[in-house]
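# Coordinates in review
One letter stands for each residue in the lines below.
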Amino acid sequence: MPSITKPLIPAVRRERNALGLTIRDYEGPMSTLCAGCGHDSTTAALVQALWQSNLEPHRVVKLSGIGCSSKTPTYFLRSAHGFNSVHGRMAPIATGANAANRDLLYLGISGDGDALSIGLGHLCHAVRRNVRMVYLIENNGVYGLTKGQFSPTADLGSLSHRGEHNLVPPIDPMLLGLSLGATFLARGFSGDKAHLVPILEAALAHRGFALVDVISPCVQFNNHAASTKSYAATRAHELHVTDLAVPHAPVTATIPTEGAVDVPMPGGGSVRLRALPADYDPTDRRSVSAFLHEHAGRGEVPTGLLFLDESVPDMHERSGSSRVPLNQLAFDELCPGADALDALQAAYR
Amino acid sequence: MVVQRTDVTDPAWYARVVDCQWACPAHTDVPQYIRLIGQGRYDEAYLLNRESNVFPGILGRTCDRPCEPACRRGRVDADPVAICRLKRVAADLCGDVTDRLPRAPRERNGHRVAAVGAGPASLTVANDLLPLGYEVTIFDGSGAAGGLMRSSIPAFRLPVEVLDTETAAVLAMGADVRFGQPVSSMAGLLADGYDAVFVGSGAPRGKDLEIPGRHEGDADARVHVSLDWLASVAFGHTTTIGRRVVVLGVGNTAMDCSRTARRLGGDDVTVVARRPRAFFRASPWELQDAVDEGIAILSERAPRRFVVEGGHLVGVELDVLEWDATAVHSEVVGTELLPADDVVLAVGQENAFPWIERDIGIAFHQSGLPEVDPVTMASTRPDVFFGGDAAFGPQNIVWAVAHGHEAAISIDNRCRGVPVSTRPPPRASLTSQKVSINQWSYANDFNPVGRQETPHVDLARRFAELHVEVELDFTPAQIEREIQRCLNCDVQTRFSERLCVECDACIDVCPVGCLTITEDGTDDEVRARLTVPPAGSTEPLYVSGPLPQTGRVMVKDEDLCVHCGLCAERCPTAAWDMARLHLVHPTAAAARAAAPA
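None of these values were measured; they are calculated from a predicted model.

### Observations concerning the overall build of chain B
Within chain B, the regular secondary structure consists of 24 helices and 23 strands. A compact globule built from 597 residues should have a C-alpha radius of gyration of about 25 Å, and chain B, at 27 Å, falls within 12% of that. Structurally, chain B occupies a C-alpha span of about 90 × 60 × 50 Å along its principal axes. When each of the 597 residues of chain B is scored for burial, the buried share is 47%.

See the structure below:
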């Protein structure tokens, strides 16, 4: 890790957001990941998006499982809540936390192994329930923490750093999400912050489950010449399907209004989404699915906000559960007593 | 037009980043001597200083400090590093380095050089030429070396022992010293067959002020001219002054005069300035020291006449001035009388060369100054050179040293038959400071501690003992804190674009936001896209060549870089490295090594 902590330099002019906070207030301790790790750039993009979204750090819950990706919540938002769960179990922990307190914003960070191997079942059910959270997959196609084995997103035929061919087809989290009824699907690249930051802002504003797949190269084990998720390969094959901007916040991308779709967001403001291919409709599940299948077949990496549906109710709206966080309910409301339990059980007889 | 890729093979590019060294007329390697102090290597810190500025102990107390306003630390937090003060630390803590100083070789080279005046400029010439085998003869009308450093800088600012030690070190190299022998004729000196004559005789005459009453009654005895009066105090001829003293002028000499008057019995001392306070010529710290000693500053007043009643000076009549905003034009809005028993004139210094004949090929400007080439220090007569205050009028000591180095190169060139216009280039090397992964050979952390205040002797003791040095030493804890304030600007960020994978790690980790990867464009376009747009900085930007993956460029704004090395630590391919610029501005010895005749 770096020899020193990133110092605070008095003379650096720092803009303040609507809460009066500077971007440094959204940072955390120094990263212990490898120098040049894509995850660190993703963290920096998240810090930027959280700051621009004017989110109060203490209203955010950071969750993760196990892996390089799952270490990263330490490295941002030092004053937020956090839960580092066992491998693959971040989604159920987030679901439970959200069930108990819907007032907080849940931000889960996972990797291609944590999300799509050991945690795949949990991910699917969180998508189905439309739990209101951001589920970010830092996707590098490799098990970096265990020295470079293929992960479930390794492309067919791609080579490991030791030269072995991957013989098993990959899981595409975007296609998976489409098939499970996901309501927000986006893909970005850690090496392209101008594009990634607005995606993350939109995800933070989404009313349901936002699945964000970030191609985040592993400099140590999957950044070689035959790698399909290296910085160079991603740059060569990235296809910006949509560009977007969150007009209420200062963003670096400028999107023309012509041919754009404005989607109002519950937090106020809207996301302006510009589909680049003329016939691309990011609200039509079937055509997006066909589009992704077609481009994946060509080895291309479509990025942008690929699919969005703001009309689907989230977990609480479906189940009619408590609007008030459980820790704020009076004890007799939370636990109405033996008589109430008896009455409930009687109703099932 | 597209932004030009920065040519870092030109030593001037990285040299400019080392603001202190760039601003110093003698180009002292400031960051390196500060690190040497940090390592407890005081002898080496002193010797490194001496290579460029010859008088570290003297300059550590008296320098005008052009380095400090330039210091990057002053832009990063409120105050620059106390560079001058640390120079004094190196000098004060240094042991006996006599056996490490150069000496004249037993075998001389047969060339004879005369130096007129034994001040800092002449001594620097001797310092540079003696080790090369020149016979250097130094003439001075007074009985000791030092020139104006001895006669007009009061001992409470510069102790005599420091002056003696550092001037003696030069003379001990083997100079032929002729003290008590003022030169009365340049023609006569030249007739002695010297290969070159260096004039370092200073600007030894304080300006008089011929206004009404100047010679009335006892005014001639009560009105003193700064340099003569300070010299008279320094040599013990003057020991008292009246109770009420008025000092006319507000430069550093006026501060020395007023503070000296305070010590000789003046308990009501007033400095009178023509212009408003923001336009005073005195260094802020010297002004502050005077104010601390109870000296009153009366600004926006101009002397009209000396008031003499019954044959005795009773005061100075002043015009009250009203200035416009830029202090260019003023009008008189009244007059007032300032009572005084004695008046000291500190209104400027003049050059005087009554001993240089005007028909021997040395041309003079109308102002009385000689025509001197600012690079070679040569006069219009090829074997005569000028330096220090004698060349361009009053300047600080460090300029005299810089002139001396250049004149020595010119004299050596001339004696070897090399054109004086042939100047040796600076020698520059860039060496990686990487020791191991995320380990550097320098302390790269940023210490937010503020500038350390110099402790001062209490006022009662200052006025009781004329020669007690007012500024005390830094404590060891203060030294430790102050050296940590240096940002090591000589340790440069060196970028190899062919290695860059554009992962953004350096940009994310930079604490000052000085890095940007962006599309190439015009200078204005690139500036508009910087991570942190520069606040009014017009410093040129570092711009790399096209990066391998996208053809974009890496841009660095050097303005606020704290040289912490985090960019290099977070770089996966070592495209960034921290490399120390070792820049030596050559003296005569180095010039000779670079181009043997």
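### Section: the overall build of chain A
Check the secondary structure of chain A and you find 12 helices and 13 strands. In summary, chain A has a C-alpha radius of gyration of 21 Å against a globular reference of 20 Å for 349 residues, a match within 12%. Expressed along its principal axes, the backbone C-alpha trace of chain A runs to roughly 70 × 55 × 50 Å. Scored against the burial criterion, the 349 residues of chain A give a buried share of 48%. For chain A, contacts bridging at least 24 residues in sequence account for 71% of all contacts bridging at least 6.

### Quick look at unusual backbone geometry
Excluding glycine, residues mostly have negative phi values, and the peptide bonds linking residues are mostly trans. Residue and element names in this part refer to chain B. Unlike most non-glycine residues, Glu300 shows phi in positive territory, near 60°. Following the sequence through the fold, Glu300 ends up in the loop between strand S9 (296-298) and strand S10 (301-309). The phi angle at Ala327 is positive, at roughly 55°, despite the residue not being glycine. Counting through the fold element by element, Ala327 comes out in the loop between strand S11 (312-323) and strand S12 (330-339).

### Some remarks on the environment of Leu180 of chain A
All names here are of chain A. As for its placement among the helices and strands, Leu180 is situated in helix H6 (residues 173-180). Here the alpha-carbon distance between Leu180 and Arg128, two residues 52 residues apart in the chain, equals 6.1 Å. Dropping the residues within four chain positions of it, Leu180 is found in contact with Cys124, Val127 and Arg128.

### Points about the interface of chain A and chain B
Taken residue by residue, the interface counts 23 residues in chain A and 31 residues in chain B. For the side of chain A that touches chain B, the element with the highest residue contribution is helix H1 (residues 38-52) of chain A, accounting for four residues. Grouping the constituent residues of the side of chain A that touches chain B by class yields 13 nonpolar, five polar and five charged.

### A short note on the sheet that holds strand S23 (residues 576-584) of chain B
Pairing between sheet strands relies on hydrogen bonds along the backbone, with the strands arranged either parallel or antiparallel. Residue and element names in this part refer to chain B. Strand order in the open sheet formed by three strands is S16-S23-S19, and the pairing between neighbours is antiparallel. The sheet terminates laterally at strand S16 (427-432) and strand S19 (491-495), the two strands that pair on one side only. Direction aside, the axes of adjacent strands within the sheet are offset by 40° on average. Sheet topology note: the S16/S23 ladder contains six bridges and is antiparallel. Bridge assignment links Leu430 to a residue of S23, and that residue is Leu581.

### Details of the packing of helix H4 (residues 42-53) of chain B against helix H8 (residues 83-93) of chain B
Residues and elements named next belong to chain B. At a minimum axis separation of 8 Å, H4 and H8 run at an interaxial angle of 120°. By the angle between their directions, the pair H4 and H8 is classed as oblique. In terms of crossing hand, the pair formed by H4 and H8 is left-handed. Between H4, through Tyr42, Ala45, Tyr46 and Asn49, and H8, the contact on the second element is made entirely by Lys87, Ala90, Ala91 and Leu93. Considered class by class, the residues forming the contact of H4 with H8 number six nonpolar, one polar and one charged.

### Examining helix H3 (residues 90-100) of chain A
Those residues of H3 of chain A that sit buried are Met90, Ala91, Ile93, Ala94, Thr95 and Asn98 of chain A. In the core, the buried residues of H3 of chain A are packed alongside strand S1 (60-64), strand S2 (81-84), strand S3 (105-111), helix H5 (120-129), strand S4 (133-139) and helix H10 (315-319) of chain A.

### Side note on helix H14 (residues 226-234) of chain B
Residue and element names in this part refer to chain B. All of the buried residues along H14 are Ser226, Leu227, Trp229, Leu230 and Val233. Each buried residue of H14 lies within a common arc of 165° when the element is viewed along its axis, so the set occupies one face. Those residues of H14 hidden inside the fold are in contact with helix H10 (148-151), strand S5 (205-206), strand S6 (223-225), helix H15 (252-263), strand S13 (342-345) and strand S14 (349-350). Taken from the residues just after H14, Gly236 is the one with a positive phi, measuring 85°.

### Thoughts on the confidence of the model for chain B
Across chain B, pLDDT averages 93, with 98% of residues at or above 70. Confidence metrics for the complex model read pTM 0.90 and ipTM 0.90.

### So, the nonpolar core
Ala126, Leu129, Phe198 and Phe385 of chain B are the most contacted members of the largest nonpolar core, which totals 145 residues. Looking at this core, you find at least three residues from each of domain 1 (1-20 + 425-597) and domain 2 (101-204 + 351-416) of chain B. When near neighbours in sequence (up to four residues on either side) are disregarded, Phe198 of chain B contacts Val113, Ala115, Val116, Ser122, Val125, Phe385, Gly387, Ala407 and Ile411 of chain B. Formed by 69 residues, the second largest nonpolar core is a distinct cluster that contains Tyr106, Leu178, Val246 and Phe307 of chain A.

### Considering the confidence of the model for chain A
Within chain A, residue pLDDT values average 91, and 92% of them lie at 70 or more. Predicted confidence is poor over residues 249-255 of chain A, with pLDDT under 50, and the contacts of this stretch with residues over four places away or in other chains come to 20 contacts.

### Considering the domain arrangement of chain B
All names here are of chain B. Split into domains, chain B comes out as domain 1 (1-20 + 425-597), domain 2 (101-204 + 351-416) and domain 3 (207-348). Each of domain 1 and domain 3 has a C-alpha centre, and the two are 44 Å apart. Domain 1 puts five residues into the contact, and the matching count from domain 3 is four residues. Across the side of domain 1 that touches domain 3, the residue classes break down as four nonpolar, no polar and one charged.

### Examining the sheet that holds strand S22 (residues 553-556) of chain B
The sheet built from three strands is open, its strands ordered S20-S22-S21 (chain B) with antiparallel pairing. Sheet topology places strand S20 (515-518) and strand S21 (542-543) of chain B at the edges, where each strand pairs with a single neighbour.

### Describing the pairing of strand S7 (residues 184-189) of chain A
For a regular strand, side-chain orientation follows a simple rule: the groups alternate between the two sheet faces. Residues and elements named next belong to chain A. Most of S7 sits out of view: six of its six residues are buried. In S7, alternate side chains face the same way, and those of Phe184, Ala186 and Gly188 on one face and Leu185, Arg187 and Phe189 on the other are all buried. The pairing of S7 with strand S8 (residues 209-215) spans six bridges and is classified as parallel. Bridge assignment links Phe189 to a residue of S8, and that residue is Ile215.

### A closer look at the packing of helix H3 (residues 30-38) of chain B against H4 of chain B
Each pair of packed helices can be summarised by the angle the axes make with each other and by the distance between the axes. Residue and element names in this part refer to chain B. Direction vectors running N to C along H3 and H4 enclose 165°, while the axes themselves pass 7 Å from each other. By the angle between their directions, the pair H3 and H4 is classed as roughly antiparallel. Seen from above, H3 lies across H4 with left-handed handedness. Of the residues in H4, those touching H3 at Gln32, Tyr33, Leu36 and Ile37 are Tyr42, Glu44, Ala45, Leu48 and Asn49. In terms of residue class, the contact of H3 with H4 is made up of six nonpolar, two polar and one charged.

### Brief notes about the environment of Glu336 of chain B
All names here are of chain B. Mapped onto the secondary structure, Glu336 falls in strand S12. The class for Glu336 is partly exposed, based on 13 C-beta atoms found within 10 Å. When the C-alpha atoms of Glu336 and Arg301 are compared, they prove to be 9.1 Å apart, with 35 residues separating the residues in sequence. Apart from the residues within four sequence positions on either side, Glu336 is in contact with Leu318 and Val320.

### With respect to the environment of Thr42 of chain A
All names here are of chain A. Within the secondary structure, Thr42 sits in helix H1. Under the C-beta neighbour-count criterion, Thr42 is labelled buried, with 30 such atoms within 10 Å. C-alpha of Thr42 to C-alpha of Glu138: the two residues are 96 residues apart in sequence and 7.8 Å apart in space. Those residues in contact with Thr42, other than ones at most four positions away along the chain, are Glu138, Ser190, Val214 and Ser216.

Conventions adopted
- Residues numbered from 1 in each chain as written.
- Chains lettered and ligands numbered in written order.
- Predicted model: local features only at pLDDT ≥ 70, side-chain atom pairs only at ≥ 80, totals over all residues.
- Helix = DSSP H or I, 4+ residues; strand = E, 2+ residues; numbered from the N terminus.
- Rg over C-alpha atoms; globule rule 2.2 N^0.38 Å.
- Buried ≥ 20, exposed ≤ 12 C-beta atoms within 10 Å, placed from the backbone.
- Contact = placed C-beta atoms within 7 Å.
- Nonpolar A, V, L, I, M, F, W, Y, C, P; charged D, E, K, R; others polar.
- Pairing = 2+ DSSP bridges.
- Axes fitted to C-alpha atoms, helices over the stretch in contact; angles between N-to-C directions.
- Parallel < 35°, antiparallel > 145°, perpendicular 65-115°, else oblique.
- Left-handed = near helix turned anticlockwise from the far one by under 90°.
- Arc of directions from axis to C-beta.
- pLDDT = per-residue confidence, 0-100.
- Core = buried A, V, L, I, M, F, W, Y, C linked by C-beta atoms within 7 Å.
- Domains from an automatic or database assignment.

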